[in-house]
Each structure stands twice: as structure tokens, then as C-alpha cells.
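What the coordinates show
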Amino acid sequence: IIEQSHRKTAAKIMFPKGGASMKHNEEKGVQQEATAASVKTGRNSHKEKTYKMVLLAMLSALVIVLQLWGSAIPFFGGTSLCLVLIPIVVGGLVLGVKAGTFLGFLFGVFVFFWYGVIGNDGLTAFLFQNQRIMTALICIGKGTAAGLVPPLVHRALARKLPLASVFIASALAPICNTGVFTIGMFLILGTLKAYLECWLLLQCYYFDQLRGRACR
């Protein structure tokens, strides 16, 4: 009996209890699962960030290309097609408010430098020569508003009106773009009148030249 008690005591000292061992193994397994889950989450987060960066870069390039291509196509009243709002709206709805605002800001900066500073558009170049600060605010402001407002409206209406919110947000982009431009034109109405007077004089000059050639 004494020898059996000594063996039991030695076994208790050498080997831990089964419950404690199982608990330790369970804790170790939980830690391993948590580590694996965190690694997987980190990989997914990295892939998502890479995807967003690549998509944003593609949309940024598309903004510039469509602005250059659309400006080369004449439209009603001597204006040009504004296809550039399409990637701006898509970027805002898919990537979020920050991406949409960045794309709109990029659009405004490009319009300001390409048409105002470089002079590839008569009206923008004339405004830049006479109202540089206001021209910059109008160009950059209207583009930024076109990229900022649609994703905000879509976020507010997406739960109640998932499909209608997309159409409403898409319609707000040209409204914001044209609205800010119109407000800016009213603020510099004197400069706009001077431009229109110069434009009318130039058209009259061209008309007189054509009439003189026709009379000959």
C-alpha cells in the first residue's frame, strides 16, 4: 500500500493533471487560430489597399485622357463634351468620398493649367489673364464639388434607396460642376462682359472679311 501511494505521488509530480493539460492545449490552439486570422486579415487588407490604389491611378489617367479627348469634340454652342465626369462619379461611388474628391480636384487643376495657364481655351485664358485667383477657384472648385457631393449623397441614400441613389448621385455631378461655374461667372461678371464684347467684335470682323470676299 505504501509503495502504491509513493507511485501515485510520483506520477502526480511528473505528469500534470489531464484537465490542466487540455486547457493549455486549447489556449495554445486559440492563440494559433487568432494569429492565423490576423495574418489573413492583414493580407486581405493589403490586397484591398493595392486594388484601390491601382483603380484610383487608372481613373486618374482616365480623367486626363477623357478631358483631352472630350475637348477635341465640338458640341452645342461651341462647348465640348464633358465625359470626364464619368470616372469621377465612378471613383466616388466605388472608392469613397476621398477618392471622388481627389479625382474632382485633379480634374479642376488640369482644367486650370491646361486651359487657363497654357491657354488652350479662349474664355479660360482670358479669365486667367484678368482674374487669376478667381479663375483658379472656379476651375478647381467646380471639379472638387463634382467629385465630393455625389458620393456623400449616395452614402446618405444608399440604405433606403440603393438604386435611385446611384442615379441621383450621378445627376448631381454635372449640376455641381455647372452650378459652381455659373456662380463664379456672376462673381466676375465685369470680366465676362469684356470677354463677350471682344468675342462679338471678333465675330463681326470675321463676318466682314467673309462678306468682302463674297463681294469680290
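The structure reproduced in this document is the subject of the present report.

**A closer look at helix α3 (residues 85–95)**
Those residues of α3 lying buried are Leu-85, Pro-87, Ile-88, Val-89, Gly-91, Gly-92 and Leu-95. At the exit of α3 stands Gly-96, carrying a positive phi of roughly 115 degrees.

**A few points about the pattern of salt bridges**
All chains considered together, the criterion is met by one salt bridge. A salt bridge links Glu-48 to Lys-52, with the shortest nitrogen-to-oxygen separation between them at 3.5 Å. Taken together, the residues Glu-48 and Lys-52, both in helix α2 (residues 18–71) and four residues apart, mark about one turn of the helix.

**Concerning the side chain of Thr-135**
Relative to the elements of secondary structure, Thr-135 occurs in helix α6 (residues 132–157). Residues within four places of Thr-135 in sequence aside, it is in contact with Phe-112, Thr-124, Leu-127 and Phe-128.

**As for the nonpolar core**
If you look at the biggest cluster of nonpolar residues, it comprises 17 residues, and the most contacted ones within it are Val-63, Ile-88 and Phe-107. For this core, the secondary structure elements donating two or more residues are α2, α3, α4 (97–117) and α6. Not counting residues within four places of it along the chain, the set of residues in contact with Phe-107 comprises Val-63, Gln-67, Cys-82, Val-84, Ile-88, Lys-142, Gly-143 and Asn-177. If you look at the next biggest cluster of nonpolar residues, it comprises five residues, including Leu-127, Ile-138, Ile-188 and Leu-192.

**Topic: the packing of aromatic side chains**
All chains considered together, the criterion is met by three aromatic pairs. Arranged with centres 5.2 Å apart and planes meeting at 80 degrees, the rings of Phe-112 and Phe-113 form a pair that is edge-to-face. Summarising the aromatic geometry, the rings of Phe-112 and Phe-128 are spaced 5.6 Å apart at their centres and angled 75 degrees between planes, so their arrangement reads as edge-to-face. Here Phe-112 is found in helix α4, whereas its partner Phe-128 is found in helix α5 (residues 122–130), with 16 residues between them in sequence. The pair Phe-112 / Phe-128 is uniform in exposure class, with both members buried. Joined through ring pairs, the aromatic side chains of Phe-112, Phe-113 and Phe-128 make up one cluster.

**Thoughts on a nonpolar patch on the surface**
A contiguous nonpolar surface patch, about 440 Å² in accessible area, is contributed by Leu-68, Phe-113, Trp-114, Val-117 and Ile-118. Looking at the element boundaries, Leu-68 is found in helix α2.

**What to know about α5**
Listed in full, the buried residues belonging to α5 are Thr-124, Ala-125, Phe-126, Leu-127 and Phe-128. With a side-chain oxygen positioned 3.4 Å from the backbone nitrogen of Leu-123, the residue opening α5 is Asp-121.

**What about the packing of α3 against α6?**
The interhelical angle for the contact between α3 and α6, taken along N-to-C directions, is 40 degrees, at an axis separation of 9 Å. If you check the angle between α3 and α6, you find them oblique. In terms of crossing hand, the pair formed by α3 and α6 is right-handed. Where α3 abuts α6, its residues Leu-85, Ile-88, Gly-92 and Leu-93 lie against Ala-146, Gly-147, Pro-150, Pro-151 and His-154.

**As for the environment of Val-84**
Within the secondary structure, Val-84 sits in the loop between α2 and α3. Judged by its relative accessible area of 0%, Val-84 is buried. Taking the C-alpha atoms as reference points, Val-84 and Gly-143, separated by 59 residues in sequence, lie 9.9 Å from one another. Not counting residues up to four positions away in its chain, the partners in contact with Val-84 are Val-63, Leu-66, Gln-67 and Phe-107.

Cut-offs applied
- Residues numbered from 1 in each chain as written.
- Predicted model: local features only at pLDDT ≥ 70, side-chain atom pairs only at ≥ 80, totals over all residues.
- Heavy atoms only, no water.
- Buried < 20%, exposed > 50% of the residue type's maximum accessible area, 1.4 Å probe, protein only.
- Helix = DSSP H or I, 4+ residues; strand = E, 2+ residues; numbered from the N terminus.
- Salt bridge = Lys/Arg side-chain N within 4 Å of Asp/Glu carboxyl O.
- Contact = heavy atoms within 4.5 Å.
- Core = buried A, V, L, I, M, F, W, Y, C linked by side-chain atoms within 4.5 Å.
- Phe/Tyr/Trp six-rings, centres within 6.5 Å; stacked < 30°, edge-to-face > 60°.
- Patch = residues over 30% accessible without salt bridge, like charges linked within 9 Å, V, L, I, M, F, W, Y side chains within 5 Å.
- Areas by Shrake-Rupley, 256 points an atom, 1.4 Å probe, with all protein chains shown as cover.
- Polar contact = N/O pair within 3.5 Å; in protein donor to acceptor, adjacent residues only side chain to side chain.
- Axes fitted to C-alpha atoms, helices over the stretch in contact; angles between N-to-C directions.
- Parallel < 35°, antiparallel > 145°, perpendicular 65-115°, else oblique.
- Left-handed = near helix turned anticlockwise from the far one by under 90°.

Function cannot be read off these values alone, since they describe shape.
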